[in-house]
Amino acid sequence: MAGSESRNDAPHKPAPATRAAAKTAPWHALRTPLLLVVATIALVLVAQQTLRMLPHWLNPFAEETKDRSGPALLQSIRDLHRYEAASGNFQVVVDLEKDAKFLPGALRGKRTLFVGNGSVDAYVDFSRLASGAVKVDQDRTSATISLPPAQLEPTNLDTKRSYVFATERGLFNRFGDFFSGNPNDQRQLYVLASQKIQAAATESSLRRRADANTKLMLESMLRALGFKTVTVQQTAAQ
């Protein structure tokens, strides 16, 4: 009997099934919060898409734009001493991609294709004419003009004809854009498109065309004034 009592007093070892249940307990404890987070994100995305499909007057989150701007005030006027000699129209497709360093693009990332349309004007600045740039002979039948080279205006991006062609967003980006105060901020896309168009205009023949058109205009004008010989020269760019 004594031996039987000593065996009953020995510590009880857990069964294998009990140990396995103890190991899986933390996973069961974390699974419910994770499912709630995923369900919340999915619910927000579904609600976002549903609200977009509603008519404007039924959507409680629809925006209403009111223009309360005051009248434009004229601050200054300056004279222009330039001849707009040529204009080039350009189109560029900006492919902008933003990715997280340690997350896949399906979760955290955004890629946007933006079509930019704009124009660049080339002009000759007559205010830069050097002293003695215009020479006329005594009989007023021959004239020689030395012109500065044509220059390029900054890019004039056409906002009405520039647009986002396609956008790919990760899950977190979609969730963040829903609560963002300005999810359609396209300032960086407009800046990149303008820079690329300006670079293309610099590499093009736009300035040479402006030089040729200015030369032709001056020759025609001076010949109409009675000059028989007109020579127009373009100085080298400084």
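Before reading on, note that the structure itself is shown above.
Residues numbered from 1 in each chain as written. Predicted model: local features only at pLDDT ≥ 70, side-chain atom pairs only at ≥ 80, totals over all residues. Heavy atoms only, no water.

Undergrad: Whenever I open this one, helix α5 (residues 206–224) confuses me. Can you help?
TA: Because each turn of an α-helix spans 3.6 residues, side chains separated by three or four positions in sequence point in the same direction. Over its 19 residues, α5 extends 27 Å from the first C-alpha to the last, a length consistent with the 27 Å expected when each residue adds 1.5 Å. If you check which residues of α5 are buried, you get L206, A210, D211, T214, L218, E219 and L222. (Helix = DSSP H or I, 4+ residues; strand = E, 2+ residues; numbered from the N terminus. Expected span 1.5 Å × (residues − 1). Buried < 20%, exposed > 50% of the residue type's maximum accessible area, 1.4 Å probe, protein only.)

Undergrad: Quick question: what am I supposed to make of the packing of aromatic side chains here?
TA: To describe a pair of aromatic rings, one takes the distance between the centres and the angle between the planes. Per the stated rule, a full pass over the model turns up one aromatic pair. The ring of Y123 has R82 sitting right over it, with the charged end atom 3.8 Å from the ring centre. (Phe/Tyr/Trp six-rings, centres within 6.5 Å; stacked < 30°, edge-to-face > 60°. Lys NZ or Arg CZ within 6 Å of the ring centre and 35° of its normal.)

Undergrad: Just to check I follow, could you spell out the side chain of T155 for this structure?
TA: Residue position: T155 is located in the loop between β5 (151–152) and β6 (156–157). Reaching out from T155, the side chain makes a polar contact with the side chain of Q198 at a distance of 2.6 Å. (Polar contact = N/O pair within 3.5 Å; in protein donor to acceptor, adjacent residues only side chain to side chain.)

Undergrad: Would you take a moment to explain the pairing of strand β4 (residues 142–147) for this structure?
TA: Across a regular strand the side chains alternate sides, sitting on one face of the sheet and then on the other. Here β4 shows a clear split, with A143, I145 and L147 buried on one side and none of S142, T144 and S146 buried on the other. Of the pairings in the sheet, the one linking strand β3 (residues 134–136) to β4 comprises three bridges and is antiparallel in character. Across the sheet, residue V136 finds its bridge partner in β4, namely A143. In this antiparallel pair of consecutive strands, β3 and β4, the connection spans five residues, and R140 shows a positive phi of 55 degrees. Relative to strand β8 (residues 229–234), β4 is paired through six bridges, and the arrangement is parallel. Its bridge partner being in β8, S142 is matched across the sheet by T229. (Pairing = 2+ DSSP bridges.)

Undergrad: Whenever I open this one, the side chain of T214 confuses me. Can you help?
TA: Relative to the helices and strands, T214 resides in helix α5. If sequence neighbours within four positions are ignored, T214 has contacts with Y83, A85, V124, F126 and L147. (Contact = heavy atoms within 4.5 Å.)

Undergrad: What's the story with the environment of T144 in this structure? I'm lost.
TA: In this structure, T144 sits in strand β4. For the pair T144 and V134, spaced ten residues apart in the sequence, the C-alpha separation amounts to 5.8 Å. Each residue touching T144, except ones within four places of it in the same chain, is listed here: A133, V134, K135, T231 and Q233.

Undergrad: Even after reading the chapter, I still don't get the sheet that holds β8, so can you show me in this structure?
TA: To summarise the sheet geometry, strands pair through backbone hydrogen bonds and adopt either a parallel or an antiparallel arrangement. An order of β3-β4-β8 is seen for the three strands of this open sheet, with the pairing classed as mixed. The sheet terminates laterally at β3 and β8, the two strands that pair on one side only. Strand-to-strand twist across the sheet, computed as the mean angle between neighbouring axes with direction ignored, equals 10 degrees. Along the sheet face, α5 touches β4 and β8 and points at about 155 degrees away from the line of β8. (Axes fitted to C-alpha atoms, helices over the stretch in contact; angles between N-to-C directions.)

Undergrad: Looking at this model, I keep getting lost on helix α4 (residues 187–203). Mind explaining?
TA: The end-to-end C-alpha separation of α4 is 25 Å, in line with the 24 Å expected for 17 residues at 1.5 Å each. Of all the positions in α4, only L189, A193, I197 and A201 are classed as buried. The arc enclosing the buried residues of α4, seen along the axis, measures out at 100 degrees, which places them on a common side. Turned more than 90 degrees off the buried face of α4, the exposed positions are R187 and E203. (Arc of directions from axis to C-beta.)

Undergrad: I'm lost on the pattern of salt bridges in this one. Help?
TA: Per the counting criterion, the structure on display carries two salt bridges. Salt-bridge contacts for R82 lead to E153; the nearest nitrogen and oxygen are separated by 2.5 Å. Within this pair, whereas R82 is found in strand β1 (residues 82–99), its partner E153 is found in the loop between β5 and β6, the two being separated by 71 residues in sequence. Judged by its relative accessible area of 22%, E153 falls in the partly exposed class. (Salt bridge = Lys/Arg side-chain N within 4 Å of Asp/Glu carboxyl O.)

Note that all results are geometric; they support no functional claim without further evidence.
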